[in-house]
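One letter stands for each residue in the lines below.
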Amino acid sequence: MWLEPIDRPGVRTAVRWPAGFRARFSPQLELLDPDGIVVARDGDVLTQICGYPEADGRFVIGAFNGIAYPPCS
């Protein structure tokens, strides 16, 4: 899964989600946290994003939508 800025549609940023997160199609793409709870779906707007860029170009997500995960917790 990647992020796409609202103000720049079509510009995709590869991301690394926190440990234990996974994606599934049900039939729409969903992002699940380590407890299996759906925390985002394709097209959702994420807010309060915290993280940092890695050398490989991916952005490491540590927080979004008011919930912090390591390294931002």
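Everything numeric here is computed off the predicted structure, so don't read it as measured data.

1. Some thoughts on the overall build of the protein chain
No. 1: Across its full length, the protein chain holds zero helices and eight strands.
No. 2: In the protein chain, the succession of α and β elements from N to C terminus is β-β-β-β-β-β-β-β.
No. 3: On C-alpha atoms alone, the protein chain measures out to a radius of gyration of 12 Å, which is about the 11 Å that the 2.2 N^0.38 rule sets for 73 residues.
No. 4: Per-residue burial over the protein chain gives 25% buried out of 73 residues.
No. 5: Contacts in the protein chain between residues far apart in sequence, at least 24 positions, make up 25% of those at least 6 positions apart.
No. 6: Accessible area of the protein chain: about 4,900 Å², with a carbon and sulfur share of 53%.

2. Section: the nonpolar core
No. 1: Core analysis: the biggest nonpolar cluster contains 10 residues, these being Leu-3, Val-15, Trp-17, Phe-21, Leu-31, Ala-40, Leu-46, Ile-61, Phe-64 and Tyr-69.
No. 2: Once residues within four sequence positions are removed from consideration, Phe-64 is found in contact with Trp-17, Phe-21, Leu-31, Val-39, Leu-46, Thr-47, Gln-48, Ile-49 and Tyr-69.

3. Side note on the environment of Asn-65
No. 1: Assignment of secondary structure puts Asn-65 in the loop between strand S7 (59-64) and strand S8 (67-68).
No. 2: For Asn-65, a relative accessible area of 32% corresponds to the partly exposed category.
No. 3: Between the C-alpha atoms of Asn-65 and Cys-50, which are 15 residues apart in sequence, the distance is 9.7 Å.
No. 4: Each residue touching Asn-65, except ones within four places of it in the same chain, is listed here: Val-39, Val-45, Leu-46, Thr-47 and Gln-48.

The rules behind the values
- Residues numbered from 1 in each chain as written.
- Predicted model: local features only at pLDDT ≥ 70, side-chain atom pairs only at ≥ 80, totals over all residues.
- Heavy atoms only, no water.
- Helix = DSSP H or I, 4+ residues; strand = E, 2+ residues; numbered from the N terminus.
- Rg over C-alpha atoms; globule rule 2.2 N^0.38 Å.
- Buried < 20%, exposed > 50% of the residue type's maximum accessible area, 1.4 Å probe, protein only.
- Contact = heavy atoms within 4.5 Å.
- Areas by Shrake-Rupley, 256 points an atom, 1.4 Å probe, with all protein chains shown as cover.
- Core = buried A, V, L, I, M, F, W, Y, C linked by side-chain atoms within 4.5 Å.

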